[in-house]
Amino acid sequence: MNSKYTPLFESFNIGKGVEVKNRLVMAPMTNFSSNPDGTVSDEEISYYERRSSGVGMVITACTYVTANGKGFHGEFGGDTDEMIPSLSRLASAIKAKGAKAILQIFHGGREVPPELVPNGDVVSAGDIPSVGEGKTVPRPLTEKEIESIILDFGETTRRAIEAGYDGVEIHGANGYLIQQFFSPHSNRREDKWGGSLERRLSFPLAVVDEVQKAVANHAKAPFIVGYRFSPEEPETPGITMDDTLALIDGLVKKDLAYLHVSLMDFWSKGRRGANANRPRMEVIKERVGDQVPVIGVGSIYTADDAINALQSGVPLLALGRELIIDPEWVQKVEQGRETEIVTKINKDHQRQLEIPDPLWQAIIHSPGWFPGIE
């Protein structure tokens, strides 16, 4: 290995007795490839196995905690005990390759396709649809329903423990239900769950508390909890970096194993406010300090991209699209073959990359998602 990249392969104690073998993480990415009954498919297992050998930790695609939270066609479920064998199959496949297995848990909220949820009942913090033509107007959740969904996050955490995962990641990013409660765009409630910034924080922090409670009650082995968030929204009103700093202040008090920032570009800059024109990761890391580890992500394609990002001070880096393009990325760097890394996907290489058909179709028909298709 080129000594320049040695820091990428130092082990890291992420807390709670869990140590990852290196600083590289497979980012959570929806693959649209589960079976119609919500179980993990053979193709998914092959896809994950291929990409779990090098990284220290794999964060799965999101799994829904309630039937009305299913956000995608071909998404695997974690909403009932009947799904535990399916969840276990995926955890075992990842762990057999030497990586820690983290289950990402979520509720799609207003982003769910109506045809995927019972009675087409699309719910959210309020009745504000997503920006865009033809978006469904959601039904505001009642207080009783909110409390029930919070409990569902805890129940899915219990199932993850029983299925053999090393942890869960609470998906509070990318515009889904947890973010919808935090966002002034989607949450205009006037009860204890919305209105002021403090009340908009209530649902995310309640979910964290319930998940932590499930871990305390059920985990007999080290088990970690992480939280993923998107630092800003383009809408006005919408989440600003100042809002996000308040969220961070709340999260660092919760004894989380890590915070995971959802970005398309690691070095992207703030949109507005006092932190505009500074890299978001820099602002976030400055606020977090050493209180909790941060996972950075976004357009890391080469070994130099990775080492430059690590030198920003974040201890862990997630690779997303790059591990789809080159499943052996980590091994190539470790073996001193970083010049052989592939950074553009070849349209003729689906089978050799072991990419399931639904994910492949999404890649081919959404070229803007990838840096290039050859």
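All values derive from a computational prediction rather than experimental measurement.

What counts and how
Residues numbered from 1 in each chain as written. Predicted model: local features only at pLDDT ≥ 70, side-chain atom pairs only at ≥ 80, totals over all residues. Heavy atoms only, no water. Helix = DSSP H or I, 4+ residues; strand = E, 2+ residues; numbered from the N terminus. Rg over C-alpha atoms; globule rule 2.2 N^0.38 Å. Buried < 20%, exposed > 50% of the residue type's maximum accessible area, 1.4 Å probe, protein only. Areas by Shrake-Rupley, 256 points an atom, 1.4 Å probe, with all protein chains shown as cover. Pairing = 2+ DSSP bridges. Core = buried A, V, L, I, M, F, W, Y, C linked by side-chain atoms within 4.5 Å. Contact = heavy atoms within 4.5 Å. Salt bridge = Lys/Arg side-chain N within 4 Å of Asp/Glu carboxyl O. Phe/Tyr/Trp six-rings, centres within 6.5 Å; stacked < 30°, edge-to-face > 60°. Lys NZ or Arg CZ within 6 Å of the ring centre and 35° of its normal. Axes fitted to C-alpha atoms, helices over the stretch in contact; angles between N-to-C directions. UniProt positions renumbered as here; feature names shortened; annotations may be inferred. Left-handed = near helix turned anticlockwise from the far one by under 90°. Nonpolar A, V, L, I, M, F, W, Y, C, P; charged D, E, K, R; others polar.

Colleague: Pulling in residues and values, what's your account of the overall build of the chain?
Modeller: In terms of helices and strands, the chain carries 13 helices and 12 strands. The C-alpha radius of gyration of the chain comes to 19 Å, within 12% of the 21 Å expected for a compact globule of 374 residues. The principal-axis extent of the C-alpha atoms belonging to the chain is close to 55 × 45 × 45 Å. Counting over 374 residues, the chain shows a buried share of 60%. For the chain, the exposed surface amounts to about 14500 Å²; the carbon and sulfur share of it is 47%.

Colleague: Before we move on, could you go through the pairing of strand S1 (residues 12-15) and cite the residues and values that matter?
Modeller: One ladder, built from three bridges, connects S1 with strand S2 (residues 18-20); its direction is antiparallel. The residue bridging Gly 15 from the neighbouring strand is Val 18, located in S2. The hairpin turn running from S1 into S2, its antiparallel successor, is two residues long, and Lys 16 in that turn takes a positive phi close to 60 degrees.

Colleague: Describe the nonpolar core, naming the residues involved and giving the relevant values.
Modeller: If you look at the biggest cluster of nonpolar residues, it comprises 96 residues, and the most contacted ones within it are Leu 8, Tyr 165, Phe 203, Tyr 227, Leu 259 and Leu 317. Leave out the neighbours within four places in its chain, and Phe 203 touches Ile 146, Ile 149, Ile 150, Leu 177, Ile 178, Phe 181 and Trp 193. Phe 12, Met 57, Ala 257 and Leu 316 belong to the second-largest nonpolar core, a separate cluster that totals 16 residues.

Colleague: An account of the pattern of salt bridges is requested, with residue identities and associated values reported.
Modeller: What the rule picks out here adds up to 25 salt bridges. The residue Arg 159 makes a salt bridge to Asp 81 at a minimum N-O spacing of 2.8 Å. A residue pair is termed long-range when its members are at least 10 positions apart, and Arg 159 in helix H3 (residues 143-163) and Asp 81 in the loop between strand S4 (57-64) and helix H2 (84-96) qualify at 78 residues. Residue Arg 159 is classed as buried on the basis of its relative accessible area, which comes to 7%. Across the salt bridge formed by Glu 155 and Arg 159, the nearest N and O atoms sit 4.0 Å from each other. In this pair, Glu 155 and Arg 159 are both assigned in helix H3, four residues apart and thus about one turn of the helix distant.

Colleague: Pulling in residues and values, what's your account of the packing of aromatic side chains?
Modeller: Enumeration according to the criterion identifies eight aromatic pairs in this entry. A centroid spacing of 6.4 Å and a plane angle of 75 degrees characterise the contact between Trp 193 and Phe 203, whose relative ring orientation is edge-to-face. Taken as a pair, Trp 193 in the loop between helix H4 (177-182) and helix H5 (197-200) and Phe 203 in helix H6 (residues 202-218) lie far apart in primary sequence, 10 residues in all. For the ring pair Phe 266 and Trp 267, a centre distance of 4.9 Å and an interplane angle of 70 degrees mean the geometry is edge-to-face. The buried category is assigned to Phe 266, whose relative accessible area is 1%. On the basis of relative accessibility, which here comes to 43%, the residue Trp 267 falls in the partly exposed class. Its end group placed over the ring of Phe 182, Arg 200 keeps NZ or CZ at 5.8 Å from the ring centre.

Colleague: Run through the sheet that holds strand S5 (residues 100-106), naming residues and quoting values.
Modeller: Ordered in space as S3-S4-S5-S8-S9-S10-S11-S12, the eight strands form a closed barrel in which the pairing is parallel. Adjacent strand axes in the sheet meet at a mean angle of 30 degrees when their direction is disregarded. With six bridges joining them, S4 and S5 adopt parallel strand pairing. Within the sheet, the bridge partner assigned to Thr 63 lies in S5 and is Ile 105. Of the strands in this sheet, strand S9 (224-229), strand S10 (258-261) and strand S11 (294-297) touch helix H8 (residues 280-288), which is tilted by about 175 degrees from S11.

Colleague: Describe the UniProt feature "domain: NADH:flavin oxidoreductase/NADH oxidase N-terminal" (unreviewed entry) in the chain, with residues and values.
Modeller: UniProt feature "domain: NADH:flavin oxidoreductase/NADH oxidase N-terminal" (unreviewed entry): in the numbering of this structure it lies at residues 8-340. Taken end to end, residues 8-340 is 33% helix and 16% strand, and its first and last C-alpha atoms sit 18 Å apart.

Colleague: Now, about the packing of H3 against H6: what can you tell me, with residues and values included?
Modeller: Where H3 contacts H6, the two axes come as close as 8 Å, and the packing angle between them is 35 degrees. As H3 packs across H6, the resulting crossing turns out to be right-handed. Contacts from Ile 146, Ile 149, Ile 150, Leu 151, Phe 153, Gly 154, Thr 157, Arg 158 and Ile 161 of H3 reach H6 at Phe 203, Ala 206, Val 207, Glu 210, Val 211, Ala 214, Val 215 and His 218. When grouped by side-chain class, the residues that make up the contact of H3 with H6 number 12 nonpolar, three polar and two charged.

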